[in-house]
Amino acid sequence: MSSAALDVPALAAGREAPRARAAFRPRLPLGRLALRAGALGLGLLLWHLAASLKLDLGLVTFRNVPTPLDVARAAAALAQSPKLGAHVGASLARVLSGFLAALAAGVVLGLAVGRSAVARDVLLPPLEVLRPIPAVAWIPLAILMFPSSELSMVFITFTGALFPILLNTIHGAEGVSPRLVASARSLGAGQGAILREVVVPSAAPSIVTGAAIGMGTAWFCLVTAEMISGQYGIGYFTWESYTLQNYDDIVVGMLLIGLLGMASSAAVRALGSLAMPWTRAGIRT
């Protein structure tokens, strides 16, 4: 079956045309950008005042919390140290390995569960049992299962990224319009062509959303694993700073984790947008 015979965007154009303009999102005006910058600046100011005054609120104390200026100095020192490249490189390698494995497994399992009643009955119950288990609970078993701590940390990252991708893929596969599937069948498409040219493009926005969320949870789980069994990595650096009472470096490590997580999630969304030109054109399948 040729791709010309089964054009998913063309099939969906009539149904989605009224919402085409809504897909074009203009850039934020200067007023909103200024408001966001002001909110960030206010947060830094409150942090500076609380840390400088050694504020003690009873339940929360800022007596040992460094000021933003102290953190900036520590960040500048770390940027000039060769340790930064080793820690960031180790964490990035673990995150990418676990995330890519989770992306492949989550998409395959999600499409199967979302489109097959038999796969749902066989695969979904054990997956639902495993899903609520936190990453910390997996660490002792991962150490026993894998011959190296490196593989165990990649596995922890994999478990963190898997379930957001899996659940979003299931949601996307279940939400495919029956009209599109019926139209494809009427044009002579088989199961493989329907999956490739209808189901996957229709589920792609949900898959990308799950991948972006999964990237964030992958960082969360990796840092937890590195704090316990790592020798290099941002999580290890943060925990080591705490044990050595380098409080400035603790906040540097936290901010570095946040920036890397934000940047990697944004990269996933950007790559997903490039892979889905029909969504940028205002046509959603």
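Values in this document were obtained by computation on a predicted structure and should not be read as measured data. (Residues numbered from 1 in each chain as written. Predicted model: local features only at pLDDT ≥ 70, side-chain atom pairs only at ≥ 80, totals over all residues. Heavy atoms only, no water.)

### Some thoughts on the pattern of salt bridges
Now for step 1: The final tally for this structure, using the stated rule, is seven salt bridges.
Now for step 2: A salt bridge links Arg94 to Glu226; the nearest nitrogen and oxygen atoms lie 2.7 Å apart. Taken together, the residues span a long stretch of sequence, with Arg94 in helix H4 (residues 83-115) and Glu226 in helix H9 (residues 191-229) at a distance of 132 residues. Of the two residues examined, Arg94 and Glu226, each falls in the buried class.
Now for step 3: Between Glu197 and Arg196 there is a salt bridge; the shortest N-O distance is 3.6 Å. (Salt bridge = Lys/Arg side-chain N within 4 Å of Asp/Glu carboxyl O. Helix = DSSP H or I, 4+ residues; strand = E, 2+ residues; numbered from the N terminus. Buried < 20%, exposed > 50% of the residue type's maximum accessible area, 1.4 Å probe, protein only.)

### Let's talk about the nonpolar core
Now for step 1: Phe99, Ile156, Ile194 and Val198 are the most contacted members of the largest nonpolar core, which has 48 residues in total.
Now for step 2: Breaking this core down by element, the ones donating at least two residues are H4, helix H5 (117-130), helix H6 (135-145), helix H7 (149-174), helix H8 (178-186), H9 and helix H11 (247-275).
Now for step 3: For this core, the leading source of residues is H9, giving 15 residues.
Now for step 4: What Ile156 contacts, discounting residues up to four positions off in sequence, is Ala135, Trp138, Ile139, Ala142, Cys221 and Ala225. (Core = buried A, V, L, I, M, F, W, Y, C linked by side-chain atoms within 4.5 Å. Contact = heavy atoms within 4.5 Å.)

### Some thoughts on the confidence of the model for the protein
Now for step 1: With 87% of its residues at a pLDDT of 70 or more, the protein has an overall mean of 85.
Now for step 2: Low confidence marks residues 1-6, where pLDDT is under 50. Its contacts with residues over four positions away, or in another chain, come to 17 contacts.
Now for step 3: Note that residues 8-24 has pLDDT below 50 and, in this model, 25 contacts with residues that lie over four places away or in other chains. (pLDDT = per-residue confidence, 0-100.)

### Some words on the packing of H4 against helix H10 (residues 234-243)
Each pair of packed helices can be summarised by the angle the axes make with each other and by the distance between the axes.
Now for step 1: Axis separation between H4 and H10 bottoms out at 7 Å; the angle between their running directions is 130°. Considering the angle they form, H4 stands oblique to H10. Mapping the contact onto sequence places His87, Val88 and Ser91 in H4 and Ile234, Tyr236 and Phe237 in H10.
Now for step 2: Across the contact of H4 with H10, the residue classes break down as four nonpolar, two polar and no charged. (Axes fitted to C-alpha atoms, helices over the stretch in contact; angles between N-to-C directions. Parallel < 35°, antiparallel > 145°, perpendicular 65-115°, else oblique. Nonpolar A, V, L, I, M, F, W, Y, C, P; charged D, E, K, R; others polar.)

### A look at the layout of surface pockets
Now for step 1: Taken as a whole, the second largest pocket encloses approximately 290 Å³ of empty space.
Now for step 2: Looking at the second largest pocket, it is lined by 18 residues, and the ones nearest its centre are Phe99, Leu103, Ala211, Val268 and Leu271.
Now for step 3: Looking at the lining of the second largest pocket, the elements with two or more residues in it are H4, H9 and H11.
Now for step 4: Here the lining of the second largest pocket gets six residues from one element, more than from any other, and that element is H11.
Now for step 5: Classifying every residue of the lining of the second largest pocket by side-chain character gives 16 nonpolar, two polar and no charged. (1 Å grid on protein atoms, 1.4 Å probe; cavity = no way out; pocket = protein on both sides within 12 Å on 5 of 7 lines; lining within 4 Å. Points joined across faces, edges and corners; volume = space filled by probe spheres on them.)

### Concerning the packing of aromatic side chains
Now for step 1: Tallied over the entire structure, the rule returns four aromatic pairs.
Now for step 2: On the basis of an interplanar angle of 80° and a centroid distance of 5.6 Å, the ring pair of Trp138 and Phe155 is categorised as edge-to-face. In this pair, Trp138 sits in helix H6 while Phe155 sits in helix H7, placing the two residues 17 residues apart along the sequence.
Now for step 3: Centre to centre, the rings of Phe146 and Phe155 are 5.2 Å apart; their planes meet at 40°, and the pair counts as tilted.
Now for step 4: What makes Phe146 partly exposed here is its relative accessible area of 25%.
Now for step 5: Residue classification places Phe155 among the buried positions, given a relative accessible area of 16%.
Now for step 6: Taken together through their ring pairs, the aromatic side chains of Trp138, Phe146, Phe155 and Phe158 make up a single cluster. (Phe/Tyr/Trp six-rings, centres within 6.5 Å; stacked < 30°, edge-to-face > 60°.)

### Some points on the environment of Ile156
Now for step 1: Residue position: Ile156 is located in helix H7.
Now for step 2: C-alpha of Ile156 to C-alpha of Leu222: the two residues are 66 residues apart in sequence and 6.5 Å apart in space.

### Focus: H5
Now for step 1: Over its 14 residues, H5 extends 20 Å from the first C-alpha to the last, a length consistent with the 20 Å expected when each residue adds 1.5 Å.
Now for step 2: Of all the bends found along H5, the most pronounced is centred on Leu124 and spans about 35°, while Pro125, a proline, follows it within four residues.
Now for step 3: Among the residues making up H5, those that are buried are Ala119, Leu124 and Leu127.
Now for step 4: The inward-facing, buried residues of H5 contact H4 and H7.
Now for step 5: Here H5 starts with a cap whose side-chain oxygen sits 3.4 Å from the backbone nitrogen of Val118, and that cap is Ser116. (Expected span 1.5 Å × (residues − 1). Bend = angle between axes of the 7 residues up to and from the residue. Polar contact = N/O pair within 3.5 Å; in protein donor to acceptor, adjacent residues only side chain to side chain.)

### Observations regarding a nonpolar patch on the surface
Now for step 1: On the surface, Leu42, Leu45, Leu46, Leu49, Leu53, Leu55, Leu57, Leu59 and Val60 cluster together into a nonpolar patch covering about 930 Å² of accessible area.
Now for step 2: On the secondary structure map, Leu46 appears in helix H2 (residues 30-52). (Patch = residues over 30% accessible without salt bridge, like charges linked within 9 Å, V, L, I, M, F, W, Y side chains within 5 Å. Areas by Shrake-Rupley, 256 points an atom, 1.4 Å probe, with all protein chains shown as cover.)

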